[in-house]
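Below, each chain spelled out in residue letters.
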Amino acid sequence: MNKKTLLSIIFLIGLIHVYDNFFTKSMITGTYVSNGSGIDGPNKNDTLILLENNTYESQSWGKGEYTLKENTINIHYDYEFGKASYQMSIERNFYIKPKLVFDFDQDYYFEKIK
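Residues numbered from 1 in each chain as written. Predicted model: local features only at pLDDT ≥ 70, side-chain atom pairs only at ≥ 80, totals over all residues. Heavy atoms only, no water.

A.B. asks: Is there a simple way to explain the overall build of the protein in this structure?
C.D. replies: For the protein, the count of helices and strands is two helices and eight strands. Secondary structure elements of the protein, listed N to C terminal, follow the sequence α-α-β-β-β-β-β-β-β-β. Counting all 114 residues of the protein, 31% fall into the buried class. Across the protein, contacts joining residues at least 24 apart in sequence account for 35% of those joining residues at least 6 apart. For the protein, the accessible surface area stands at approximately 7800 Å², while carbon and sulfur atoms represent 55% of it. (Helix = DSSP H or I, 4+ residues; strand = E, 2+ residues; numbered from the N terminus. Buried < 20%, exposed > 50% of the residue type's maximum accessible area, 1.4 Å probe, protein only. Contact = heavy atoms within 4.5 Å. Areas by Shrake-Rupley, 256 points an atom, 1.4 Å probe, with all protein chains shown as cover.)

A.B. asks: Help me understand unusual backbone geometry in this model?
C.D. replies: The phi angle of most residues is negative, glycine excepted, and most peptide bonds adopt the trans form. Phi at Asn54 takes a positive value of approximately 65°, unusual for a residue other than glycine. As for its position among the elements, Asn54 is in the loop between β2 (47-50) and β3 (55-58).

A.B. asks: In this structure, what is going on with the pattern of salt bridges? I would like to understand it.
C.D. replies: It is possible for side chains bearing opposite charge to pair when their charged atoms get close. Scanning all chains against the criterion turns up one salt bridge. Taking the shortest distance from any N to any O, the salt bridge between Asp78 and Lys83 comes out at 3.0 Å. Judged by its relative accessible area of 54%, Asp78 is exposed. Residue Lys83 is classed as exposed on the basis of its relative accessible area, which comes to 70%. (Salt bridge = Lys/Arg side-chain N within 4 Å of Asp/Glu carboxyl O.)

A.B. asks: What exactly am I supposed to notice about a nonpolar patch on the surface here?
C.D. replies: A contiguous nonpolar patch, built from Phe11, Leu12 and Leu15 and spanning about 330 Å² of accessible area, is present on the exposed surface. Mapped onto the secondary structure, Leu12 falls in helix α1 (residues 3-21). Among the residues examined, Leu12 registers a relative accessible area of 48% and is labelled partly exposed. (Patch = residues over 30% accessible without salt bridge, like charges linked within 9 Å, V, L, I, M, F, W, Y side chains within 5 Å.)

A.B. asks: Explain the confidence of the model for the protein to me, please; I cannot follow it from the model alone.
C.D. replies: One rule of thumb: low pLDDT means the predicted coordinates there are not for detailed reading. In this model, the protein carries a mean pLDDT of 81, and residues with pLDDT of at least 70 account for 86%. Considering each helix and strand of the protein separately, the mean pLDDT is smallest for helix α2 (residues 25-28), with a value of 74, and largest for β3, with 92. (pLDDT = per-residue confidence, 0-100.)

A.B. asks: Even after reading the chapter, I still don't get the environment of Leu100, so can you show me in this structure?
C.D. replies: For Leu100, the position within the fold is in strand β7 (residues 99-103). Using a relative accessible area of 0% as the deciding quantity, one classes Leu100 as buried. The spatial distance from the C-alpha of Leu100 to the C-alpha of Val33 is 9.7 Å, given a sequence separation of 67 residues. Excluding its chain neighbours within four sequence positions, the residues that come into contact with Leu100 are Tyr32, Leu48, Leu50, Ile73, Met88, Ser89, Ile90, Tyr109 and Phe110.

What follows is the structure in structure tokens.
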């Protein structure tokens, strides 16, 4: 294998890694629908709306704020015993809209619809 081919392969792998793990706020904001229900998490078909001003609206968590850090999102909400947060990972494959995974074992996630 010559040097050009090896460098091209390394560059392509790096580009794929950046594409799968780099998200801007405009890519994340929008409306999501849940495909399942977790113990603490949302119910099936729950809608989560992420707004540009770091706030959200959800059927399960009500209204609150969220923070983005690398490829995770933290939902901060109030409940009967005070404040809590829920962390989800942000994933995407080629040409697929981002999804917010809240249960890896059950493959439950929020899928972006708009």
